Amino acid sequence: MFSWSTKDGKRKKDPELFQTVSDGLRRLYRNKLFPLEDTYRFHDFHSPALEDADFDNKPMVLLVGQYSTGKTTFIRHLMEQDFPGMRIGPEPTTDSFIAVMHGEQEGVVPGNALVVDPKKPFRKLNAFGNAFLNRFMCAQMPNPVLESISIIDTPGILSGEKQRISRGYDFAAVLEWFAERVDRIILLFDAHKLDISDEFSEVIRALKNHEDKMRVVLNKADQIETQQLMRVYGALMWSLGKIVNTPEVVRVYIGSFWAQPLLVPDNRKLFEAEEQDLFRDIQGLPRNAALRKLNDLIKRARLAKVHAYIISSLKKEMPNVFGKENKKKELIANLGEIYLKIEKEHQISPGDFPNLKKMQELLAVQDFTKFQSLKPKLLDNVEDMLAQDISRLMTMVRQEEAAMPSQVVKGGAFEGTMNGPFGHGYGEGAGEGIDELEWVVGKDKPTYDEIFYTLSPVNGKVSGASAKKEMVKSKLPNTVLGKIWKLADVDHDGYLDDEEFALANHLIKVKLEGHELPADLPAHLIPPSKRGGGGQLE
């Protein structure tokens, strides 16, 4: 349990007691941030108020992509199990938002029932109306993957004439709502369909403030040859660069995410490595969930502060009696100048301000006479939260992570590649010979012995200086060679005998072939004469 007192003793008579990070975030939001949001009508402009379920829910992964890019198949691949309401086909099959979540009994909860459940983080979706709720459901099922994360499947984004047909609800706004609350956004692309439709462009722009959560998957990459894959990858990066206006390159994972044989197996190793990288990223979500919620609350607090300055500035400029409507139109037209004034007066970064055009549209339907003037106490509470409470919660985050180091997603496809001969990199690099009875280095030892005896060993051993002359011929950096020396000098006597010298050369070969060196020498690489007894690794 962690406790601290606020600086103002009058404001809080007792020290605040936070049992967990989630509990701390919930109470900080309710006591310090929510009053500011409520006073300046933040929820009418930006995002609905947060509820308890938003702080307690499991990490969520949002899948977004055009139709037939393999979103639903990707979920099935992760879980290795069908889920209720699942439909897969080349045509636009998934016409609903499906929240795939853990439940003791398999079944489907329709959208209208889902948004009144206080235990689910979807209550505020009620604002999007029946047209959306009729296209929203929760598929519950017992599955080990869903014990750690929830997955949101989305309707395929349309292209061509189909995208002109209205869905009956604001698709981009719904995705933006989810983007604010999920831990990871995965954009799926089909290697055969790289065209980014108008609706997809609109969606990606709606996700603009969440690039840190965004990952891109180039799916079905096993259906094209290596040369074509290079061109497709380049075209995808070029297309994304035009829409995602950031100097950083978006991380793109290339592969074929389903349980079928590879059509073109030439890039098997690449696909395996990419899949492992993506799986590691997803597996780390439960461990980083508290930190993500903390980060999102900080972003929300910064926006709420700026919003308060904007609304109070507009209120200050409004006349008391006559000409209110004309003044309102003038203020909306000159909103950019008000932004600049607030930026200079309060030393706020331009990146913290809401989108100008969107803000002008929202202000047009508001009654400026109901806006509140600036209330320094509310802003001081938020400043105190950002300066004091959040830093203390950061300490709690690290302590919670240390107490639960094994918080990773388990089950489904995540189990298939963790152990055994089909684990990524098994039997390669330093793992070569792991299942063999004979010492794997022994195959090349005669060659290494010839070099060893040219170094004039004394009492069957060569010194570090002598070994260095030979080892530097590999042109590897001294830092790498130093690590190889440390691994090869099994008995730690500062010299290498013939077996240790052969081991050093084997590790150099492993590194030159592009593999990583192990942190500790694997048991199967220990020279036979050093196994057991006092010569065994500590």
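The paragraphs below set out a description of the structure included in this document.

Rules and cut-offs
- Residues numbered from 1 in each chain as written.
- Predicted model: local features only at pLDDT ≥ 70, side-chain atom pairs only at ≥ 80, totals over all residues.
- Heavy atoms only, no water.
- Helix = DSSP H or I, 4+ residues; strand = E, 2+ residues; numbered from the N terminus.
- Buried < 20%, exposed > 50% of the residue type's maximum accessible area, 1.4 Å probe, protein only.
- Areas by Shrake-Rupley, 256 points an atom, 1.4 Å probe, with all protein chains shown as cover.
- Axes fitted to C-alpha atoms, helices over the stretch in contact; angles between N-to-C directions.
- Parallel < 35°, antiparallel > 145°, perpendicular 65-115°, else oblique.
- Contact = heavy atoms within 4.5 Å.
- Pairing = 2+ DSSP bridges.
- Core = buried A, V, L, I, M, F, W, Y, C linked by side-chain atoms within 4.5 Å.
- Salt bridge = Lys/Arg side-chain N within 4 Å of Asp/Glu carboxyl O.
- Lys, Arg positive; Asp, Glu negative; His and termini not counted.
- Polar contact = N/O pair within 3.5 Å; in protein donor to acceptor, adjacent residues only side chain to side chain.
- Left-handed = near helix turned anticlockwise from the far one by under 90°.
- Nonpolar A, V, L, I, M, F, W, Y, C, P; charged D, E, K, R; others polar.
- Phe/Tyr/Trp six-rings, centres within 6.5 Å; stacked < 30°, edge-to-face > 60°.
- Lys NZ or Arg CZ within 6 Å of the ring centre and 35° of its normal.

It is worth spelling out the overall build of the chain at this point. For the chain, the count of helices and strands is 20 helices and 12 strands. Each of the 538 residues in the chain was classed as buried or not, and the buried ones make up 48%. Element-wise, carbon and sulfur atoms account for 51% of the exposed surface of the chain, whose accessible area totals about 26,700 Å².

Before going further, it helps to examine the packing of helix α11 (residues 285–317) against helix α15 (residues 376–403). The N-to-C vectors of α11 and α15 enclose an angle of 175°; their axes lie 10 Å apart at closest approach. Considering their axes alone, α11 and α15 lie roughly antiparallel with respect to each other. In contact with Arg287, Asn288, Ala290, Leu291, Leu294, Leu297, Ile298, Ala301, Lys305, Ala308 and Tyr309 of α11, α15 contributes Leu379, Val382, Glu383, Met385, Leu386, Ile390, Leu393, Met394, Val397, Arg398 and Glu401.

This part is about the environment of tyrosine 309. Within the secondary structure layout, tyrosine 309 lies in helix α11. Residue classification places tyrosine 309 among the buried positions, given a relative accessible area of 12%. Spatially, the C-alpha atom of tyrosine 309 lies 9.5 Å from that of leucine 379, the residues being 70 residues apart in sequence. Ignoring any residue separated from it by four or fewer positions in sequence, one finds tyrosine 309 in contact with Ile342, His346, Ile348, Leu374 and Leu379.

The next thing to look at is the pairing of strand β3 (residues 60–65). Counting buried residues in β3 gives 6 out of 6 residues, a clear majority hidden from the surface. Here β3 shows two buried faces, one formed by Met60, Leu62 and Val64 and the other by Val61, Leu63 and Gly65. The pairing of β3 with strand β8 (residues 184–190) spans 5 bridges and is parallel. Its bridge partner lying in β8, valine 61 is registered against arginine 184.

With that settled, the discussion passes to unusual backbone geometry. Non-glycine residue glutamine 347 carries a positive phi angle of around 55°. Summarising the element assignment, glutamine 347 is placed in the loop between α13 (335–346) and α14 (356–363). Residues other than glycine seldom take positive phi values, yet histidine 492 does so here, at roughly 55°. Among the structural elements, histidine 492 can be located in the loop between α19 (478–488) and β12 (495–497).

Further remarks concern the sheet that holds strand β5 (residues 107–110). One open sheet accounts for 8 strands, arranged β5-β6-β4-β7-β3-β8-β9-β10; its pairing is mixed. A strand with exactly one partner marks an edge of an open sheet, and here the two such strands are β5 and β10 (252–254). Strand-to-strand, the axes of this sheet are offset by a mean angle of 25°, without reference to chain direction. Bridging between strand β9 (residues 214–219) and β10 involves 3 bridges; their strand directions are parallel. By the bridge assignment, valine 217 is partnered in β10 with tyrosine 253.

Turning our attention to the nonpolar core. Judged by nonpolar contacts, the single largest core of 49 residues is most densely connected at Phe122, Phe136, Phe178, Leu187, Phe189 and Leu218. In terms of residue count, helix α7 (residues 171–181) provides more of this core than any other element does, 6 residues in total. What phenylalanine 178 contacts, discounting residues up to four positions off in sequence, is Leu62, Phe97, Phe122, Leu125, Phe132, Phe136 and Ile152. Grouped together as the second largest cluster of nonpolar side chains are 45 residues, Leu25, Leu297, Ala304 and Ile311 included.

A few words now on the environment of methionine 214. By secondary structure assignment, the location of methionine 214 is in strand β9. Residues methionine 214 and alanine 179 lie 35 residues apart in sequence; the distance between their C-alpha atoms is 9.3 Å. Dropping the residues within four chain positions of it, methionine 214 is found in contact with Ile185, Leu187 and Leu207.

Turning our eyes to something else, we now look at the pattern of salt bridges. Opposite charge on two side chains permits pairing when their charged atoms draw close. Taken as a whole, this structure holds 38 salt bridges when the rule is applied. Between aspartate 498 and lysine 445 there is a salt bridge whose closest N-O contact spans 2.8 Å. Placement of the pair is aspartate 498 in helix α20 (residues 498–512) and lysine 445 in helix α17 (residues 445–454), with a sequence separation of 53 residues. The network of salt bridges with shared partners includes Asp23, Arg26, Arg27, Asp52 and Asp56.

A separate point is the side chain of lysine 71. Mapped onto the elements of the fold, lysine 71 is located in helix α4 (residues 71–79). For the buried residue lysine 71, which engages in no salt bridge, the nearest side chain bearing the opposite charge is aspartate 153, 5.5 Å off. Of the polar contacts made by the side chain of lysine 71, one reaches the backbone oxygen of glutamine 66; its length is 3.1 Å. When near neighbours in sequence (up to four residues on either side) are disregarded, lysine 71 contacts Leu63, Val64, Gly65, Gln66, Asp153, Thr154, Pro155, Gly156 and Leu188.

Residue position: glutamine 366 is located in the loop between α14 and α15. Among the residues examined, glutamine 366 registers a relative accessible area of 11% and is labelled buried. Residues in contact with glutamine 366, not counting those within four places in the same chain, are Arg41, Asp44, Phe45, Lys328 and Phe371.

The next point concerns the packing of α19 against α20. With their axes 9 Å apart at the nearest point, α19 and α20 run at an angle of 140° to one another. By the criterion of interaxial angle, the relationship of α19 to α20 is oblique. Along this stretch, α19 crosses α20, giving a crossing that reads as right-handed. In contact with Val480, Leu481, Ile484, Leu487 and Ala488 of α19, α20 contributes Glu500, Leu503, Ala504, Leu507, Ile508 and Lys511. Residue composition of the contact of α19 with α20, grouped by class: 9 nonpolar, no polar and 2 charged.

Let us look at the pairing of strand β4 (residues 97–102). With 5 of 6 residues buried, β4 is to be regarded as a mostly interior element. One ladder, built from 6 bridges, connects β4 with strand β6 (residues 136–141); its direction is parallel. The partner of histidine 102 across the bridge, within β6, is methionine 141.

Another point: the environment of valine 490. Turning to its location among the elements, valine 490 is positioned in the loop between α19 and β12. A C-alpha to C-alpha distance of 7.5 Å links valine 490 and isoleucine 526, two positions 36 residues apart in sequence.

For the coordinates displayed, the defined rule picks out 20 aromatic pairs. One aromatic cluster is present, formed by Phe97, Phe122, Phe128, Phe132, Phe136, Tyr169, Phe171, Trp177 and Phe178 through successive ring pairs. Just above the ring of phenylalanine 34 sits the side chain of arginine 30; from NZ or CZ to the centre is 4.8 Å.

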